[in-house]
Amino acid sequence: MGMSSDSITGLLLAVSSSVFIGSSFIIKKKGLVKAGNSGLRAGSGGHSYLAEPWWWVGMIAMIVGEIANFAAYAFASAILVTPLGALSIIFSAVLAHFILKERLHIFGVLGCVLCVVGSTTIVLHAPRERMIESVRQVWQLATQPGFLVYAALVLVTVLVLIFYYVPRYGHSHMIVYIGVCSLMGSITVMSVKAVGIALKLSFQGHNQFKYFQAWFFTIILAGCCILQINYLNKAKVLVGLANLLCDPWMFSRCFNLDVISGSSSFV
């Protein structure tokens, strides 16, 4: 079954998004390293990287990539767009090897292979997306009992990680930070899809921002992104970027949480 023109547009936007986001990881890592050499490291609670130009260049590249990602979710289904994020993983790992001189261990290589195989399999078998004509339809899906229970469990788990595990184990266990990012990422998928649909319909002449639901999803999205950026910065200073991005255990859980929760509501 052939892909629709909207799906192809979403596919191209998702690929371009991966290029920008993959590059941003490398640039931001350089900024974090430089900031760590002259001030308190992010992993120790410092925010000196905010005064580092390289970090802001990387952040701009990430913003451009995320804008393309938002647009991709507006045109294609979440289960088609989300797996293509693996391209940014591969792109970052290769650049980290050559630019940051970070050696990719055997499990990182295995992670790259799993990313490619898993993403290709899901994209090839992605189901057609249901037609959504209003952000209020997204609200109805997001307020289903099953998703509300899941969101509550995510929130409780993230709070436990932040207030109990991060102070005790964050300095030595990367997975604590990654756990926060991956769990919040599953909520981000829902919010990105909702905001993307609202923007698409608004540009087509059907203003969705007259509904409070559109603003609610926008606020949730902003909060999730800020939280994820903060804890991803902390994780990046603990290990090499290549190994952080390509660890198969970490990536599989980040990826699965995003796709399962987001796609279950919108496909």
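Nothing here was measured: the structure is a model prediction, and the numbers come from that model.

Engineer: Hey, could you run me through the environment of alanine 78 in this one?
Structural biologist: For alanine 78, the location among the structural elements is in helix H3 (residues 78–81). The exposure class of alanine 78 is buried, given its relative accessible area of 0%. Put simply, alanine 78 and lysine 193 are 115 residues apart on the chain and 7.1 Å apart in space, counted from C-alpha to C-alpha.

Engineer: Please explain the packing of helix H6 (residues 135–142) against helix H8 (residues 174–203) as it appears in this structure.
Structural biologist: Any two packed helices are characterised by how steeply their axes cross, that is the angle between the axes, and by the distance between the axes. In contact at an axis separation of 9 Å, H6 and H8 are set at 160° when each is read in the N-to-C sense. Taken together, the axes of H6 and H8 lie roughly antiparallel to each other. When the axes of H6 and H8 are compared, the crossing they make is right-handed. In this structure, H6 uses Val135, Val138 and Ala142 to contact H8, whose residues at the interface are Met190, Ala194, Ile197 and Ala198.

Engineer: When you look at a nonpolar patch on the surface in this model, what are you seeing that I'm missing?
Structural biologist: Judged by side-chain polarity, Ile106, Phe107, Val109, Leu110, Val113, Leu114 and Val117 come together as a nonpolar surface patch covering roughly 660 Å² of accessible area. A relative accessible area of 48% places leucine 114 in the partly exposed class.

Engineer: Looking at this structure, how should I read the side chain of serine 88?
Structural biologist: Along the chain, the position of serine 88 falls in helix H4 (residues 86–98). A residue is classified by how much of its surface remains accessible, and serine 88, at 8% relative accessible area, is buried. When near neighbours in sequence (up to four residues on either side) are disregarded, serine 88 contacts Ser18, Ile21 and Gly22.

Engineer: Just to check I follow, could you spell out the packing of aromatic side chains for this structure?
Structural biologist: Geometry of an aromatic ring pair is reported as the spacing of the ring centres plus the angle between the planes. Inspection of the entire model under this criterion finds ten aromatic pairs. On the basis of an interplanar angle of 65° and a centroid distance of 5.9 Å, the ring pair of tryptophan 139 and phenylalanine 217 is categorised as edge-to-face. Of the two residues, tryptophan 139 sits in helix H6 while phenylalanine 217 sits in helix H9 (residues 212–236), which places them 78 residues apart along the sequence. The partly exposed category is assigned to tryptophan 139, whose relative accessible area is 23%. Taking the relative accessible area as the measure of exposure, phenylalanine 217 reaches 1% and is therefore buried. Geometrically, the ring pair formed by phenylalanine 147 and tyrosine 150 is tilted, given 6.2 Å between the ring centres and 45° between the ring planes. Taken together, the residues span about one helical turn, with phenylalanine 147 and tyrosine 150 both in helix H7 (residues 145–169) at a distance of three residues. Taken together through their ring pairs, the aromatic side chains of Trp139, Phe212, Phe216 and Phe217 make up a single cluster.

Conventions we followed
- Residues numbered from 1 in each chain as written.
- Predicted model: local features only at pLDDT ≥ 70, side-chain atom pairs only at ≥ 80, totals over all residues.
- Heavy atoms only, no water.
- Helix = DSSP H or I, 4+ residues; strand = E, 2+ residues; numbered from the N terminus.
- Buried < 20%, exposed > 50% of the residue type's maximum accessible area, 1.4 Å probe, protein only.
- Axes fitted to C-alpha atoms, helices over the stretch in contact; angles between N-to-C directions.
- Parallel < 35°, antiparallel > 145°, perpendicular 65-115°, else oblique.
- Left-handed = near helix turned anticlockwise from the far one by under 90°.
- Contact = heavy atoms within 4.5 Å.
- Patch = residues over 30% accessible without salt bridge, like charges linked within 9 Å, V, L, I, M, F, W, Y side chains within 5 Å.
- Areas by Shrake-Rupley, 256 points an atom, 1.4 Å probe, with all protein chains shown as cover.
- Salt bridge = Lys/Arg side-chain N within 4 Å of Asp/Glu carboxyl O.
- Phe/Tyr/Trp six-rings, centres within 6.5 Å; stacked < 30°, edge-to-face > 60°.

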